[in-house]
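Letter by letter, the chains look like this.
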There are 4 protein chains.
Amino acid sequence: MDVAIIGGTGYGAVELIRFLHNHPHVHVTKIISHSNSGTDLAEVYPHLVDIIDLEMIALDIGDLAKEVELVFFATPSNVSKHYIPALVDQGVRCIDLSGDFRLRDGEKYQAYYGEEMVSQSYINQAVYGLPELNKEQIKQASILANPGCFPTATTLGLIPVLEKDLVERKSIIIDAKTGTSGAGRGLSLNVHFSEMNENFKAYQLGVHKHIPEIEQVLTARANEDIQVTFTPHIVPMTRGIMSTMYVDLKDSQSTGQLIAMYEDYYKNDPFVRIRKEGIIPSTREVYGSNYCDIGLYADQRTGKLIIVSVIDNLVKGASGQAIQNMNIMCGWDETTGLNQLPIYP
Amino acid sequence: MDVAIIGGTGYGAVELIRFLHNHPHVHVTKIISHSNSGTDLAEVYPHLVDIIDLEMIALDIGDLAKEVELVFFATPSNVSKHYIPALVDQGVRCIDLSGDFRLRDGEKYQAYYGEEMVSQSYINQAVYGLPELNKEQIKQASILANPGCFPTATTLGLIPVLEKDLVERKSIIIDAKTGTSGAGRGLSLNVHFSEMNENFKAYQLGVHKHIPEIEQVLTARANEDIQVTFTPHIVPMTRGIMSTMYVDLKDSQSTGQLIAMYEDYYKNDPFVRIRKEGIIPSTREVYGSNYCDIGLYADQRTGKLIIVSVIDNLVKGASGQAIQNMNIMCGWDETTGLNQLPIYP
Amino acid sequence: MDVAIIGGTGYGAVELIRFLHNHPHVHVTKIISHSNSGTDLAEVYPHLVDIIDLEMIALDIGDLAKEVELVFFATPSNVSKHYIPALVDQGVRCIDLSGDFRLRDGEKYQAYYGEEMVSQSYINQAVYGLPELNKEQIKQASILANPGCFPTATTLGLIPVLEKDLVERKSIIIDAKTGTSGAGRGLSLNVHFSEMNENFKAYQLGVHKHIPEIEQVLTARANEDIQVTFTPHIVPMTRGIMSTMYVDLKDSQSTGQLIAMYEDYYKNDPFVRIRKEGIIPSTREVYGSNYCDIGLYADQRTGKLIIVSVIDNLVKGASGQAIQNMNIMCGWDETTGLNQLPIYP
Amino acid sequence: MDVAIIGGTGYGAVELIRFLHNHPHVHVTKIISHSNSGTDLAEVYPHLVDIIDLEMIALDIGDLAKEVELVFFATPSNVSKHYIPALVDQGVRCIDLSGDFRLRDGEKYQAYYGEEMVSQSYINQAVYGLPELNKEQIKQASILANPGCFPTATTLGLIPVLEKDLVERKSIIIDAKTGTSGAGRGLSLNVHFSEMNENFKAYQLGVHKHIPEIEQVLTARANEDIQVTFTPHIVPMTRGIMSTMYVDLKDSQSTGQLIAMYEDYYKNDPFVRIRKEGIIPSTREVYGSNYCDIGLYADQRTGKLIIVSVIDNLVKGASGQAIQNMNIMCGWDETTGLNQLPIYP
């Protein structure tokens, strides 16, 4: 299957290229970059020299619709909404790694993304691509809204206890930490090496784009309006997300009981691993891989459950999950091309 | 004034030496190390070569009592309790950077420190040295229990709202992050470079020694039994602590009102800086200095207050605070020898 | 083909496991660890949980010889020499990632490795496994001495100009830099995070084990006794080696001419990439992959050639190269199982 | 003494502010920033909040000449040359941390700095401020050209053996490594965290601005035209330079003899420390301080001397040295305000 990637100079795109290079059913034939059309990809990313021989090209929707069956958008916010409608209208399936098609509520989109949402008819076609939740819908998707990195780590950690109605819904606190690659390749003082190295920061308290996305997913699963307190932090490392979550248990539960329940909940999901009692995963343990690892600790003193969920933000938090979604959309095994081990150390 | 430092090869000791080197009233005449007696300090710490010319010696309580007026203990847990009683009985004031004299409750000490506490009469002599809380008592202390790193960052962040009774006391959640130097110079796989670099970890959920210490301080200020949920994490950096705290506000408060209250609360404390609305401090902004910087965000959607407090774990979290305490004990200005700017970048 | 790995808790072993997991012709059936026999591998390396289900076992040469066709030794120095003779005598091919079979001169072995070398008859059977130099001999090897990390990066950079006799042989200077994983998983103050982070060190000047290995390879190719000045440094990062080499050119050569010569020299070697004029590779560009990337700069002012060669020390510098050698020994394409892209960023 | 700092938002300026804050004879009264005039310094550098209360202002040469006695230029290349002449003509002494007044040869300036040099009469007034070489001239300087970071570490390491005529002058090779803060606060992909972390790079081979500066200093001391091969590298850390230098010894010398000679050479220089035989300094050992530490190793096998010199690039490589120069210019002890210990760890 021939596919195209739009947004060729970002980290999402190169990570797609890394995984698709070894995918048995897919061939990346076009890499599209507005700012670098005419340049060889390997000039911008020298690690690809002598391996990937593709010149980046400008976007031409008409050509694209004729030449590929599926398009990945690895673009900043508020870009894909301008192009996906035309592509899907011409029968090209689209996987969008940005947030343009994730929210269902236009007002919230406006509030958090600062622009108008795409028209509701296309939102209605879009499927939110968290395979552990809605594999069936993903199979049929023409527009696949690939989840954000924080929402992936967070909702996979919270959904089992919410669905089983084990926790007070007003008590959800999410203290999230990410490596710098989540901020992309665009330059900013925040992730200038001398400012970020040997430093730890909180940012965007109360206003992060992923808040409405997390709430939308949790609300749908809980059948009740859920609001969360979400604080993102940035860690002096390149890859990795840890989401540490705090909820009040309705009734006392042992850590072991909860672990058993999580194991059961995810028993058919090859990329979710639940850790044994007493073990909390660290971000390095999923580095470079599509796993989401979850550790649990029920604090008997305070009645709170602490859930720790880790992913590689560029893999399960972006490109790996996009490929997992593509596999499902195409009827292939969802692990195809994604069975690399985490890289350690 | 002649002082001695016990625990000469640890990071607490070298950080004491760094600050005392420029202190106008103090002379470090003895550095005591059980494991390195007979070795020059500069052999173990080559950054001190040609500057500090001291041979480490073995501990002899009798000699020490004759030759110095004050002793710093920068020792691991369960060491100072064996020596401080004899020293104070001979009139030597002691500042203990370890946890041996911090807790008042012997059962909790036993539970978290794994050994018996020192006899209660010495605990009764000990003053908990958080200068922002109890400067008057510190002045008279013969045994000064220097606070732990996490408790310093955390209690400075929580006390104002607890004292003013603005928050639900059952709701306190502390998500804490530390650099690796808090783990000391002792080798362990956890802080082996190849395992810790490009990694982020949670550890000791529910069992960390600083839990009873934080609860003891908060309980005393709140006049009510306080229990906290405390999760420490370790960041791939050497220095710095951030404590991100979550509490439910009893009544709606604006961020601005709360900032004004905190500024007023700490108006006489030279080392606490409250950030303006919209600004959250990062750990690098206090690097190498004795400041504790606090940022606040009252989330109007969820009714929660987020308090972010940062310190340098080796300075305000250990040696800097010990010197601040010594200054107060000796009647000097509490900033003496501590007026270096943070190092940035 | 069933293979065993000895030295199961080291970084060399886990990196072998990572690549062999996706190798189409090989199955790792035994992982041997003296210190951890009876423990699940995933307990020591939690990133493998739910993927690799193998218990580490103690070494039994007799059993091993019956059950596997090939054994990888990922052991410290002076271990494999005690076991490989018995295995090869029973027809098991051995790939040794340690230095025990690399040197041909027993006196030098004694001087740099501190023990006696294995008997000369086994040294004579051993083939030095740098596939770019001696693919033919590797095919027949029963004992494969897998090259050291520094020697791999260094000799691949120097051999073309030495063979073509373009440089003064007395002038060779090698300034090498490595990430910390080269020091292994064993604890030491040198690679304690708080000591290594935000630090850059030179070490083992004039006495590093890789000096005689580099000289032996270069001497063999140059047909003349070669001595080098070699200074290793350690960089605050986990993976990657850069070897910066300085040689005096006999006659003036342009950078372009030399690049063309190198491209020609390595035209049949899939894992050596020569960079274009004006481009010098960085270590991240080969991260996680088996590539060795080389950049050249002929300084017309001083008549010196600067050669910069980078590898991932755990891949082309250890386990990746071991698998490349296995592929050649078994008659498979040398890239089998090694065609992952570098991970960037 | 009232002084001004021009270039208020760069790392050179904040490091000047850090040291001058505790300097007994100096008061920083003006901080000038073209791009940030009207902004509080603490808004741009929040670590200074509540400590330094200065608004940055635009440059007005006339006002400045009336109000301060000395001006520090912490500006990019090709800026100070436009302003220093007018200031010195009005009797204001200037210390220039940029390279505008370092070179004496206008052609080389043009070649490496890309613009015309300031007029020769001002160059003639300028004194190159390496206090270990020319303290007497510095005392009288009206224009002080503060040395570059690489030239400081490098020339302090090479001058003793060059002056004593112990080495072949054609053989000098300098392999230099720097932290990222040397690249300043200006954004670039090179020092974008995700690109620089876990990476090691060589850059600007053969064209770095510091080549003619190093050659000019060495030529002057050697009384013979000296050319060097200089390769800068960038390390994933914020602060620190190591210069590893290789020279051919004319006659055999033991490491001990050379160390004794260096110790004697620098016996009156408080900021140069020569390490004992067998000890090579690492960059962390001078972190945050004005020391230059030097280690030596004479390789008896190859007849080469390896010199390792480390500094903190922002202190002895920039602002600390500028203050040392100011102290000498003003007749104060050269260590005034600079006697902080290195920060370790």
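Everything below is about the structure printed above this text.
Cut-off values and rules
- Residues numbered from 1 in each chain as written.
- Chains lettered and ligands numbered in written order.
- Predicted model: local features only at pLDDT ≥ 70, side-chain atom pairs only at ≥ 80, totals over all residues.
- Heavy atoms only, no water.
- Contact = heavy atoms within 4.5 Å.
- Buried area = accessible area lost by both parts, 1.4 Å probe.
- Salt bridge = Lys/Arg side-chain N within 4 Å of Asp/Glu carboxyl O.
- Helix = DSSP H or I, 4+ residues; strand = E, 2+ residues; numbered from the N terminus.
- Nonpolar A, V, L, I, M, F, W, Y, C, P; charged D, E, K, R; others polar.
- Pairing = 2+ DSSP bridges.
- Axes fitted to C-alpha atoms, helices over the stretch in contact; angles between N-to-C directions.
- Phe/Tyr/Trp six-rings, centres within 6.5 Å; stacked < 30°, edge-to-face > 60°.
- Buried < 20%, exposed > 50% of the residue type's maximum accessible area, 1.4 Å probe, protein only.
- Lys NZ or Arg CZ within 6 Å of the ring centre and 35° of its normal.
- Least-squares fit on C-alpha atoms with pLDDT ≥ 70 in both.
- Core = buried A, V, L, I, M, F, W, Y, C linked by side-chain atoms within 4.5 Å.
- Patch = residues over 30% accessible without salt bridge, like charges linked within 9 Å, V, L, I, M, F, W, Y side chains within 5 Å.
- Areas by Shrake-Rupley, 256 points an atom, 1.4 Å probe, with all protein chains shown as cover.
- Lys, Arg positive; Asp, Glu negative; His and termini not counted.
- Charge placed at Lys NZ, Arg CZ, Asp CG, Glu CD.

A. Representation of the interface of chain D and chain A in the model. Across the contact, 19 residues belong to chain D and 19 residues belong to chain A. Regarding the contact of chain D and chain A, the summed buried area is about 1,700 Å², with carbon and sulfur atoms giving 54% of it. Per-residue buried area on chain D facing chain A is highest for D:Leu187, D:His192 and D:Phe193; these three make up 38% of the total on that side. Across the chain D-chain A interface, the total number found is two salt bridges. Across the pair A:Arg185 and D:Glu195 runs a salt bridge whose closest N-O atoms are separated by 2.8 Å. Considering every element that reaches the side of chain D that touches chain A, the biggest residue donor is helix H9 (residues 193-196) of chain D, with four residues. Taken together, the residues of the side of chain D that touches chain A sort by class into eight nonpolar, nine polar and two charged.

B. View of the sheet that holds strand E9 (residues 229-234) of chain C. Residue and element names in this part refer to chain C. Pairing is mixed across the open sheet formed by seven strands, whose spatial order is E8-E9-E7-E10-E13-E12-E11. Of all the strands in the sheet, the pair left with one neighbour each is strand E8 (201-202) and strand E11 (272-274). Strand direction decides the pairing type here: strand E10 (residues 241-248) and strand E13 (residues 304-311), joined by eight bridges, are antiparallel. Across the sheet, the residue bridging to Tyr246 is Ile306, located in E13. Set on the sheet, helix H11 (residues 255-265) makes contact with E11, strand E12 (292-299) and E13; between it and E12 the angle comes to about 150 degrees.

C. Broad picture of the packing of aromatic side chains. Counting across every chain of the model gives 24 aromatic pairs over all chains. Consider the rings of B:Tyr265 and B:Tyr266, whose centres lie 4.9 Å apart with planes at 75 degrees: the pair is edge-to-face. Across the pair, exposure class does not vary: B:Tyr265 and B:Tyr266 are buried alike. Above the face of the B:Tyr287 ring, B:Arg239 is positioned so that its terminal group lies 5.8 Å from the ring centre. The ring centre of D:Phe19 lies 4.4 Å from the NZ or CZ of D:Arg18, which sits over that ring.

D. Inspection of the side chain of A:Thr9 at higher detail. Residue and element names in this part refer to chain A. Here Thr9 lies in the loop between strand E1 (2-6) and helix H1 (11-21). For Thr9, a relative accessible area of 19% gives the class buried. Apart from residues no more than four positions distant in its own chain, Thr9 is found in contact with Ser33, Ser35, Asn36, Val44, Tyr45, Met56 and Arg185.

E. Summary view of the relation of the copies chain B and chain A. The transformation that overlays chain B on chain A combines an axial shift of 0.0 Å with a rotation of 180 degrees, and the residual RMSD is 0.0 Å. These values place the two chain copies in the arrangement generated by a two-fold rotation axis.

F. Fine view of the nonpolar core. Membership of the largest hydrophobic core comes to 222 residues, with the highest contact counts inside it found for A:Phe72, B:Phe72, C:Phe72 and D:Phe72. Beyond its immediate chain neighbours, meaning those up to four positions away, A:Phe72 contacts A:Val3, A:Ala4, A:Ile5, A:Ile6, A:Leu16, A:Leu20, A:Ile95, A:Leu97, A:Ala322 and A:Met326.

G. Summary view of the pairing of strand E3 (residues 70-73) of chain D. All names here are of chain D. With burial as the criterion, each face of E3 is covered, one bearing Leu70 and Phe72 and the other bearing Val71 and Phe73. Pairing between strand E1 (residues 2-6) and E3: four bridges, direction parallel. Residue pairing in the sheet places Ile6 in a bridge with Phe73 of E3. One ladder, built from four bridges, connects E3 with strand E4 (residues 93-96); its direction is parallel.

H. Broad picture of a negative patch on the surface. On the surface, a cluster of negative charge is made up of A:Asp40, A:Glu43, A:Asp50, A:Asp53, A:Glu55 and C:Glu263. Within the fold, A:Glu43 resides in helix H2 (residues 41-44). Overall, A:Glu43 belongs to the exposed group, its relative accessible area being 60%.

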